[in-house]
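Residue-level structure breakdown
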Amino acid sequence: MPVPVVSVAQMRQWEQASWSAGRTEAAVIARVGACLAAWLRRHVPHNDRILILAGKGHNGDDARAALPHLQGRAVDLVEVRDPETALPDLERALARGPDWILDGLFGIGLNRPLAEPWCRLIERINQARSRIVSVDVPSGLDADTGRPWGATLRATCTLTLAAPKQGLLHPAAHTFTGRLEVIPDIGLVPCPIQSELCWTLPEDFLDWPPPRPVAAHKGTFGHLAIVAGSTGYHGAAVLAARAAQRARPGLITLITPASVYAVVASQLQAVMVHPWSAAHPLPGRYTALLFGPGLAAADLPAEIPATLARLWQEANVPIVVDASALDHVPRGPIPRDALRVLTPHPGEAARLLGTTTNEVQSNRVAAVRALSGQFGGAWIVLKGYQTLIGRQHGPIFVNPSGNPDLAQGGSGDVLAGYLAGLCAQPPLQGDPERLIRYAVWQHGAAADALSRRHPAWVVEDLVRTLGRVAPHRVASTARPATPTTPP
Ligand SMILES: NC(=O)C1=CN([C@@H]2O[C@H](COP(=O)(O)OP(=O)(O)OC[C@H]3O[C@@H](n4cnc5c(N)ncnc54)[C@H](OP(=O)(O)O)[C@@H]3O)[C@@H](O)[C@H]2O)[C@@H](O)CC1
Ligand SMILES: Nc1ncnc2c1ncn2[C@@H]1O[C@H](COP(=O)(O)OP(=O)(O)O)[C@@H](O)[C@H]1O
Ligand SMILES: [K+]
């Protein structure tokens, strides 16, 4: 289950519901400590030195509770109840050159501007150049607004507890949170809060895609048609087709303008390739269509946009539209019960909405709602850091996977191909929400897996890794070895 993105007040409400149901603060803190330590053991090289900073509230208790689980590691603990009296201890600990700092100074209990000595202490820690892992919230950040209460620690990673706090998703917070990860199960009762924004977890895909029936054949898994590529952009068609293969639909046909047919066809084997012809039957017997990657050249056959417009309004099969083809999608109603997905990056979203990229980025949720509203309630995948997935109404899902190494030309073509390859499979079509969320998550998770192994990877590597990240391997990387959840 995805978790809701919550305000501090909602988090307190959830906390209270848990205590009323008999869960205890002590048990939750113990579990959080075990989870934090599990994350550190997994990500921190064995000989690296860790400094735990424990403040005076429960955020400090959480950080301190990691200590018993870090035996055999080089760990220092500094209690910071008062910034001035703690400074000598802190300086001594920093002089030992900690590679990592576990930040438990302040969490969601920070409720007013920090006084000057606190700000100085925080800036001193930021200067230490250790990698900071913040517990719940980077200390100093207002968890509701995402803005600093004077000074804020700049984390490499924030491990937020139970659910992401809304301020952590605000663009102003990004430089402080670093990578945002959620430790979902800290022993609270099931979440009583409903929110417009939900955070996707790898756990959401433990049973998805469903296993293939033993007697299945290629007809079981559909036939994807991709209309892509043009002079100067033939690679986009190749990348989309190869990524679609990673989703493993039964068959894939790529239809590309005659000008690039030979160069595209020469790079594909299992994919059938045809030069574009207005006579090619569409939707024919295809089970999904992808229009987009690389349909950008000035000499693009005029029937392609016209065909897309007709099919978008009439065809009863899923259609994914990406990149420059987005400009040819007609506004207004779409066929009832037919899946329609648009995958704009923020620049394309701005063009479609007649606004600026900054405007889109300043309220990405509103951009998703507005786009979906204009295009008949279609699903929108608004790409970029924390890709959003949603429609005009209903929940909007935040994707947690992926990293800046994805910021290279062609990675969007790969996403479009992979997503369309899943859309083409009749056994998966019954749950479009999970299908789209999975495609986006897997694309980002593949990038994360590559970045962990070798940072200089390229988009062709992404295609090879796509589909290979098992959700259970990355689910709750902060899961303690022995479960301590109360019954
Ligand atoms: N919510 C949950 O479900 C769960 C929460 N958990 C954990 O608890 C954390 C919240 O703990 P918390 O409430 O004890 O607050 P926390 O952030 O540690 O700090 C508050 C302390 O700071 C102080 N203080 C405040 N402003 C200040 C200022 N400007 N300048 C100076 N001081 C200031 C304030 O003191 P006072 O206002 O009384 O002066 C208080 O002493 C949460 O983030 C998570 O880690 C999990 O363990 C379990 C589930
Ligand atoms: N910082 C980032 N964190 C996570 N994902 C990112 C980041 N930057 C880019 N991406 C992802 O990379 C892909 C880029 O797509 P797009 O901009 O369409 O590229 P192109 O048009 O070159 O193929 C999208 O899936 C986007 O979400
Ligand atoms: K913190």
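Keep in mind it's a predicted model, so treat the numbers as computed, not measured. (Residues numbered from 1 in each chain as written. Chains lettered and ligands numbered in written order. Predicted model: local features only at pLDDT ≥ 70, side-chain atom pairs only at ≥ 80, totals over all residues. Heavy atoms only, no water.)

Okay, the overall build of the protein next. For the protein, the helix and strand inventory stands at 16 helices and 17 strands. For 487 residues, the compact-globule estimate of 2.2 N^0.38 gives 23 Å, and the protein sits close to it at 24 Å. Projected onto the principal axes, the alpha-carbon positions of the protein cover approximately 80 × 45 × 45 Å. Here the protein holds 487 residues, and 57% of them are scored as buried. Residue pairs in contact within the protein that sit at least 24 positions apart in sequence constitute 70% of those at least 6 positions apart. Carbon together with sulfur atoms contributes 53% to the accessible area of the protein, which is approximately 20,100 Å² in total. Distance between charge centroids for the protein: 6 Å, based on 44 positive and 39 negative side chains. (Helix = DSSP H or I, 4+ residues; strand = E, 2+ residues; numbered from the N terminus. Rg over C-alpha atoms; globule rule 2.2 N^0.38 Å. Buried < 20%, exposed > 50% of the residue type's maximum accessible area, 1.4 Å probe, protein only. Contact = heavy atoms within 4.5 Å. Areas by Shrake-Rupley, 256 points an atom, 1.4 Å probe, with all protein chains shown as cover. Lys, Arg positive; Asp, Glu negative; His and termini not counted. Charge placed at Lys NZ, Arg CZ, Asp CG, Glu CD.)

Right, let's talk about the site of ligand 1 for a bit. The immediate surroundings of ligand 1 are formed by 23 residues, with Arg12, Asn59, Asp62, Gly107 and Asp136 found nearest. Interatomic distance of 3.2 Å between a side-chain N/O atom of Asn111 and a nitrogen atom of ligand 1. A distance of 2.9 Å separates a nitrogen atom of ligand 1 from a polar backbone atom of Arg112. Breaking the shell around ligand 1 down by element, the ones donating at least two residues are helix H1 (8–20), helix H2 (25–43) and helix H3 (58–64). Along the lines of polarity and charge, the residues of the shell around ligand 1 split into eleven nonpolar, six polar and six charged. (Near = heavy atom within 4 Å. Polar contact = N/O pair within 3.5 Å; in protein donor to acceptor, adjacent residues only side chain to side chain. Nonpolar A, V, L, I, M, F, W, Y, C, P; charged D, E, K, R; others polar.)

With that settled, consider helix H13 (residues 411–423). In a regular helix each residue adds 1.5 Å, so 13 residues correspond to 18 Å; H13 covers 18 Å between its end C-alpha atoms and thus fits that length. With 13 of 13 residues buried, H13 lies mostly within the body of the structure. (Expected span 1.5 Å × (residues − 1).)

Here we take up the coordination of the potassium ion (ligand 3). For a metal with four donors in a tetrahedral arrangement, the ideal angle between donors is 109.5 degrees, while six donors in an octahedron ideally sit at 90 or 180 degrees. Asn59 (OD1), Asp103 (O), Phe106 (O), Val135 (O), Val137 (O) and Ser139 (OG) make up the full set of protein donors to the potassium ion (ligand 3), lying at 2.6 to 3.0 Å. Of note is the potassium ion (ligand 3), whose six donor atoms meet at the metal with angles of 66 to 171 degrees in an arrangement that counts as irregular. (Donors = N, O, S within 2.8 Å, 3.2 Å for Na, K, Ca; no water. Tetrahedral: all angles 85-135°; square planar, octahedral: opposite > 155°, others 65-115°.)

It is worth spelling out the site of ligand 2 at this point. With respect to spatial proximity, 17 residues lie near ligand 2, and among them Lys383, Gly384, Thr387, Gly410 and Gly412 are the closest. Interatomic distance of 2.6 Å between a side-chain N/O atom of Lys383 and an oxygen atom of ligand 2. Note that an oxygen atom of ligand 2 is positioned 2.8 Å from one of the backbone N or O atoms of Gly384. Protein contact buries 80% of the 580 Å² of open area that ligand 2 shows by itself. Tallying contributions element by element places H13 first for the shell around ligand 2, with four residues. Tallied by class, the residues present in the shell around ligand 2 amount to four nonpolar, eleven polar and two charged.

Once that is clear, we can look at the pairing of strand E5 (residues 131–135). Burial within E5 is extensive, with four of its five residues counted as buried. Where strand E4 (residues 100–104) and E5 come together, four bridges link them in parallel fashion. Residue pairing across strands places Ile101 opposite Ile132, the latter belonging to E5. The β-α-β motif built from E4, the intervening helix H5 (residues 116–127) and the parallel element E5 has right-handed crossover chirality. (Pairing = 2+ DSSP bridges. Right-handed = clockwise from strand over helix to strand, strands pointing away.)

Moving on: the sheet that holds strand E16 (residues 388–390). Reading across from one edge, E1-E8-E17-E16-E15-E14-E13-E12-E9-E10-E11 is the order of the eleven strands in this open sheet, with mixed pairing throughout. Each end of this open sheet is capped by a strand with a single partner; those strands are strand E1 (3–4) and strand E11 (272–275). Bridge analysis of strand E14 (residues 340–343) against strand E15 (residues 379–382) gives two bridges, and the strand direction is parallel. What sits directly across from Leu342, in E15, is Ile380. Sheet strands in contact with H13 are strand E9 (223–227), strand E12 (288–291), strand E13 (319–322), E14 and E15, and its direction is about 175 degrees off that of E13. Helix-sheet contacts for helix H14 (residues 432–453) involve E14, E15, E16 and strand E17 (396–398), and the interaxial angle to E15 is about 15 degrees. (Axes fitted to C-alpha atoms, helices over the stretch in contact; angles between N-to-C directions.)

Turning our eyes to something else, we now look at the domain arrangement of the protein. You can read the domains of the protein as domain 1 (3–194) and domain 2 (218–474). The straight-line distance from the C-alpha centre of domain 1 to that of domain 2 is 38 Å. If you look at the interface, domain 1 gives eight residues, while domain 2 gives ten residues. For the pairing of domain 1 and domain 2, the buried interface totals around 580 Å² over both sides, and the portion due to carbon and sulfur atoms is 41%. The three residues of domain 1 that bury the most area against domain 2 are Leu169, His174 and Arg179, which together make up 56% of that side's buried surface. The shortest N-O distance in the salt bridge between Arg179 and Asp448 comes to 2.8 Å. (Domains from an automatic or database assignment. Buried area = accessible area lost by both parts, 1.4 Å probe. Salt bridge = Lys/Arg side-chain N within 4 Å of Asp/Glu carboxyl O.)

With that settled, the discussion passes to the packing of helix H10 (residues 346–353) against helix H12 (residues 364–374). Across the interface, H10 lies against H12 with an axial gap of 10 Å and an inter-helix angle of 50 degrees. For the element pair H10 / H12, the angle class is oblique. For the pair H10 and H12, the sense of crossing is left-handed. Where H10 abuts H12, its residues Pro346, Ala349, Leu352 and Leu353 lie against Arg364, Ala367, Ala370, Leu371 and Gln374. For the contact of H10 with H12, a count of residues per class yields seven nonpolar, one polar and one charged. (Parallel < 35°, antiparallel > 145°, perpendicular 65-115°, else oblique. Left-handed = near helix turned anticlockwise from the far one by under 90°.)

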